[in-house]
Amino acid sequence: MSLIVLFGAKKRVVRLARMAGQFAKPRSSDFEPSPTGGPAVRSFKGDNVNGFDLADRTPNPDRLLQAYFHSAATLNYLRSMIAGGVADLHHADSWNLSFVRSNPVKRQYEQVISKIVDSFSFLKAIGADEAETFKTVELYTSHEGLLLNYEAALTRRVNEAYYNLGTHFLWIGDRTRQLDGAHIEYFRGISNPVGVKVGPSMKSDELAALVRLLNPAKEPGRLTLITRYGCAKVADYLPAHIAAVRATQVPVLWICDPCHGNTETTADGVKTRQYGKMLEELMATFDMHRAADSRLGGVHFELAGEDVTECLGGSVELAESDLSTNYTSFCDPRLNYTQSLDMAFSISAKLQQLSS
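Residues numbered from 1 in each chain as written. Predicted model: local features only at pLDDT ≥ 70, side-chain atom pairs only at ≥ 80, totals over all residues. Heavy atoms only, no water.

Trainee: Please clarify how the overall build of the protein should be interpreted in this entry.
Mentor: Counting its regular elements, the protein contains nine helices and 14 strands. Its C-alpha atoms give the protein a radius of gyration of 21 Å, near enough to 21 Å, the size a compact globule of 356 residues would have. Each of the 356 residues in the protein was classed as buried or not, and the buried ones make up 44%. In the form shown here, the protein has an accessible surface area of approximately 18300 Å², with 53% of it arising from carbon and sulfur atoms. Treating the 38 positive side-chain charges of the protein as one cloud and the 40 negative ones as another, the clouds have centres 4 Å apart. (Helix = DSSP H or I, 4+ residues; strand = E, 2+ residues; numbered from the N terminus. Rg over C-alpha atoms; globule rule 2.2 N^0.38 Å. Buried < 20%, exposed > 50% of the residue type's maximum accessible area, 1.4 Å probe, protein only. Areas by Shrake-Rupley, 256 points an atom, 1.4 Å probe, with all protein chains shown as cover. Lys, Arg positive; Asp, Glu negative; His and termini not counted. Charge placed at Lys NZ, Arg CZ, Asp CG, Glu CD.)

Next comes the structure, spelled out in structure tokens:
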């Protein structure tokens, strides 16, 4: 996705992956109805709290240690993949497209790769193709800072400041952003760049107070606001939120999360999202920032690099009857490989339009 946006829009992309730490899940209730029709069972709160299997729902503190092990293993795997040349643009023509089910999208992507390979032929001819930036990428990690006892254990003093060394970027979820709450207090004390999810329940005056609390020094790059309203509500809330933040004169980076506000459940009880609604919210967010003389600086997606069948629509026209084909998520539905490329091409085209 990042390559398509970078190549098409000619804009630098910072790659930030939600991995190596996202093993906790906020839930509205400690208990949920049993899928077997029996007594209510404990809610699944993520693998570092309890298991998804009904027989494994008792919280187990040893899972925190397991979460640390898997986070460290994931980071080591990422380092080895990048060091091994997985992102080397010299070999872009050998990247795997077998998961792309839409032939038009595959052809569009192959055209991008063909142009990159052609450009490298010219660079090689003049001896300018060996720069390190062509061989690797910078990939940062992030997750929601939900379990404070886990996050505090990974916090260290470095020189005169405190950093959470378990990730590069932490964010506060929509359920834990109370102004007088423990999560805000913890985030105030660390020097990592941090984010806050902003949804329909966020009042404008509350948002203004929040940005002042989390970025009192008005440091550029310190604070990111991740909006997630839903396509039907974005126009009702985003303009007022932009105005409230601007009035504080606190610099923020705006990111759109078009996934979480557009989650729905089918008649059969399957959690899903419609690609069209996600795209609608994202494009509307671009336009509203432009109208307010603001700028959307990033996007946040839940996606899989595989041919999962969890979100409806896209160029593959995934239907509700297709969801059971390869639905593997225990939590939220993800865009599949083809839908992710669909989204990347749409973002690229929008950025080109806004730059013209």
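Let us keep going from here.
Trainee: Can you walk me through the side chain of Thr309 in this structure?
Mentor: The topology assignment puts Thr309 in the loop between strand E13 (296-299) and strand E14 (311-312). A polar atom in the side chain of Thr309 sits 3.3 Å from the backbone oxygen of Asp322. (Polar contact = N/O pair within 3.5 Å; in protein donor to acceptor, adjacent residues only side chain to side chain.)

Trainee: What should I look at first to understand the sheet that holds strand E4 (residues 139-144) in this one?
Mentor: Whether parallel or antiparallel, the strands of a sheet pair through hydrogen bonds between backbone atoms. Here we have seven strands laid out as an open sheet, ordered E1-E4-E7-E8-E9-E10-E13, and parallel in their pairing. One side of each edge strand has no neighbouring strand; the edge strands of this open sheet are strand E1 (15-18) and E13. Sheet twist, expressed as the average angle between the axes of neighbouring strands with direction ignored, equals 30°. As paired elements, strand E9 (residues 223-227) and strand E10 (residues 253-256) share four bridges and run parallel to each other. Residue Leu225 lies in a different strand from E10, and its bridge partner there is Trp254. Contacts between helix H6 (residues 204-214) and the sheet are confined to strand E7 (169-172), strand E8 (194-198) and E9, with E9 contributing the most and set at about 150° to the helix. (Pairing = 2+ DSSP bridges. Axes fitted to C-alpha atoms, helices over the stretch in contact; angles between N-to-C directions. Contact = heavy atoms within 4.5 Å.)

Trainee: Hey, could you run me through the nonpolar core in this one?
Mentor: Taken as a class, soluble globular proteins show a tendency for nonpolar side chains to be buried jointly. In terms of nonpolar packing, the biggest core is built from 56 residues, with Val196, Leu214, Leu225, Leu282, Met343 and Ile347 touching the most fellow members. Per element, the largest residue contribution to this core is seven residues, and it comes from helix H8 (residues 275-291). Among residues more than four places away in sequence, those in contact with Leu225 are Val196, Val198, Leu207, Val211, Val245, Val252, Leu253, Trp254 and Ile255. (Core = buried A, V, L, I, M, F, W, Y, C linked by side-chain atoms within 4.5 Å.)

Trainee: Could you clarify how one ought to interpret the side chain of Asn192 in this entry?
Mentor: As for its placement among the helices and strands, Asn192 is situated in the loop between helix H5 (182-189) and E8. Owing to a relative accessible area of 4%, Asn192 belongs among the buried residues under this scheme. Not counting residues within four places of it along the chain, the set of residues in contact with Asn192 comprises Tyr162, Tyr163, Asn164, Thr167, His168 and Arg222.

Trainee: Sorry if this is basic, but what is going on with the environment of Ala319 here?
Mentor: Positionally, Ala319 belongs in the loop between E14 and helix H9 (337-355). Considering only alpha carbons, one finds Ala319 and Ile347, 28 residues apart in sequence, at a separation of 23 Å.

Trainee: Help me out: how do you make sense of the packing of aromatic side chains in this one?
Mentor: Given two aromatic rings, one states the distance between the centres and the angle between the planes to describe the pair. Summed over all chains, the structure comprises five aromatic pairs. Ring geometry for Phe52 against Phe330: centres 4.4 Å apart, planes inclined by 5°, an arrangement best described as stacked. Of the two residues, Phe52 is situated in the loop between strand E3 (41-42) and helix H2 (62-83) and Phe330 in the loop between E14 and H9; the sequence distance between them amounts to 278 residues. Ring centres 5.8 Å apart and planes at 85° place the aromatic pair Tyr186 and Phe187 in the edge-to-face group. For the pair shown, Tyr186 and Phe187 are each scored as buried. The structure contains a cluster of three or more aromatic residues connected by ring pairs, namely Phe44, Phe52 and Phe330. One residue, Lys10, lies across the ring of Phe7, its end atom 4.8 Å from the ring centre. A cation sits over an aromatic face here: Arg57 above Phe52, 5.7 Å from the ring centre. (Phe/Tyr/Trp six-rings, centres within 6.5 Å; stacked < 30°, edge-to-face > 60°. Lys NZ or Arg CZ within 6 Å of the ring centre and 35° of its normal.)

Trainee: Is there a simple way to explain the pattern of salt bridges in this structure?
Mentor: Close approach of charged atoms lets side chains of opposite charge pair. A complete count under the given rule lists 18 salt bridges for this structure. Among the ionic pairs, Lys350 bridges to Asp287, the shortest N-O distance being 2.7 Å. In this pair, Lys350 sits in helix H9 while Asp287 sits in helix H8, placing the two residues 63 residues apart along the sequence. Exposure remark for Lys350: the relative accessible area of 8% places this residue in the buried category. Glu310 is the salt-bridge partner of Arg334, the closest N and O atoms lying 2.8 Å from each other. Of this pair, Arg334 sits in the loop between E14 and H9 while Glu310 sits in the loop between E13 and E14; the two residues are 24 residues apart in sequence, bridging distant segments of the chain. (Salt bridge = Lys/Arg side-chain N within 4 Å of Asp/Glu carboxyl O.)

Trainee: What is the right way to read a nonpolar patch on the surface from this model?
Mentor: Taken together, the side chains of Val14, Leu16 and Tyr140 present a nonpolar region at the surface, about 250 Å² in accessible area. Tracing the backbone through its elements, the reader meets Val14 in the loop between helix H1 (2-9) and E1. The exposed category is assigned to Val14, whose relative accessible area is 54%. (Patch = residues over 30% accessible without salt bridge, like charges linked within 9 Å, V, L, I, M, F, W, Y side chains within 5 Å.)

Trainee: How do you make sense of the packing of H6 against helix H7 (residues 234-248) when you look at a structure like this?
Mentor: Packed helices, taken two at a time, are described by the angle their axes make and the gap between the axes. Relative to each other, H6 and H7 sit at 40°, their axes nearing to 9 Å. Looking at the two axes, H6 sits oblique to H7. The two elements H6 and H7 cross, and the hand of that crossing is right-handed. For the pair formed by H6 and H7, the contact residues are Ser204, Leu207, Ala208, Val211 and Arg212 on the first element and Ala240, His241, Ala244, Val245 and Thr248 on the second. In terms of residue class, the contact of H6 with H7 is made up of six nonpolar, three polar and one charged. (Parallel < 35°, antiparallel > 145°, perpendicular 65-115°, else oblique. Left-handed = near helix turned anticlockwise from the far one by under 90°. Nonpolar A, V, L, I, M, F, W, Y, C, P; charged D, E, K, R; others polar.)

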